[in-house]
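The primary structure of each chain is shown beneath.
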Amino acid sequence: MLEEMEAISWFITTMQRAIPSAIAALSTLLLLTGLAAAERDSGESAVSPIRDRFIVGASFGRGSLEVECDTCEAAKLTEALSVAGHIGYMVTPRIAIVGEHWTVRYNARGGPLFDDSERHLVAQHMSTVAAQLFVTDSIWLKAGAGVGWHITDGDYDKDLPNFGPTPVNATGGERPDEMDTGRKFGNATFAAIGWEVAHNSIFAADIQFRVGTTTRADNRYKILNTGMNVGFNWY
């Protein structure tokens, strides 16, 4: 039974490490496909996307998480999964207002933040309202702000004791120090740039670089997350 569990654990870890490589390969394939299409259409009028109403899209790729806090050394987790989705409306032919959610998730054994070989989860979520500017038919910029929250089993996120006056219970006896359950939400901002490597009048595939930051409301720590994603969009 123990050998079976170890085999399953090895398989899961191997697949998680293989996912970023597969994503990188897919990104390269889409890039080459877009370049080939551009070369094939040279001298011909390319089909431009028609962006006049709602837009919706999703992307996934390889991400990273960097934690900065007063009680830990800054550490960066690079083998993370980056996933984002958005829905919005074109207010002009070049500008859209979108609602977006972005998650960067690390789930593996050990890592710079942990001194053991156990499996740990570190994830950063961001829900924002953003403006997206299509500089050209193929290149866009996006920036937004909203709320972010952090999920981890790291020691840096554990509640700290309340070292104020010692509370007493109903019978006059002392109770143990209560825990400070400070908010784990914070202000979040992000920016992204993308290049549509292939598109037609209603669909586009792009490669995008994303960077975001969240500072917990009580300033206990700050999270910097990045992502290199492949995106799929419908207009």
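The structure contained in this document is the topic of the report that follows. (Residues numbered from 1 in each chain as written. Predicted model: local features only at pLDDT ≥ 70, side-chain atom pairs only at ≥ 80, totals over all residues. Heavy atoms only, no water.)

## So, the environment of isoleucine 193
Condition: Note on conventions: DSSP H or I runs of at least 4 residues are helices, E runs of at least 2 residues are strands, and numbering of each starts at the N terminus. Residues are treated as being in contact if the distance between any of their heavy atoms lies within 4.5 Å.
Tracing the backbone through its elements, the reader meets isoleucine 193 in strand 8 (residues 185-199). Beyond its immediate stretch of four places on either side in the chain, isoleucine 193 contacts Trp140, Leu141, Ile207, Gln208 and Phe209.

## Brief notes about the packing of aromatic side chains
Note the cut-off: Pairing of aromatic side chains requires ring centres within 6.5 Å, counting the rings of Phe and Tyr and the six-membered ring of Trp. Pairs whose planes differ by under 30 degrees are stacked, by over 60 edge-to-face, and all others tilted. Buried, partly exposed and exposed residues are distinguished by accessible area as a fraction of the type maximum, computed with a 1.4 Å probe on protein chains only: under 20%, between the cut-offs, and over 50%, respectively. Geometrically, a lysine NZ or arginine CZ counts as sitting over a ring once it is within 6 Å of the ring centre and also within 35 degrees of the ring normal.
In total, this model carries six aromatic pairs according to the counting rule given. Consider the rings of phenylalanine 134 and tyrosine 235, whose centres lie 6.2 Å apart with planes at 80°: the pair is edge-to-face. Pair noted here: phenylalanine 134 is in strand 4 (residues 119-134) and tyrosine 235 is in the segment after strand 10 (221-234), with a separation of 101 residues, a long-range link. The pair phenylalanine 134 / tyrosine 235 is uniform in exposure class, with both members buried. The aromatic ring of tyrosine 235 is capped on one face by arginine 51, whose charged end is 4.8 Å from the ring centroid. Stacked on the ring of tryptophan 102, the Lys or Arg arginine 210 has its end atom at 4.7 Å from the ring centre.

## Comments concerning the pairing of strand 10
Spelled out, the test is: For two strands to pair, DSSP has to find at least two bridges joining them.
The pairing of strand 1 (residues 54-69) with strand 10 spans 14 bridges and is classified as antiparallel. Residue pairing for strand 10: glycine 61 is matched across the bridge by asparagine 229. Examined bridge by bridge, strand 9 (residues 203-216) and strand 10 share 13 bridges and lie antiparallel to one another. Opposite alanine 204, over in strand 10, you have asparagine 233 as the bridge partner.

## Side note on the environment of valine 91
If you trace the backbone, valine 91 turns up in the loop between strand 2 (72-90) and strand 3 (95-109). For the pair valine 91 and arginine 51, spaced 40 residues apart in the sequence, the C-alpha separation amounts to 9.6 Å. The residues touching valine 91, leaving out its near neighbours within four places in the chain, are Ala96 and Ile97.

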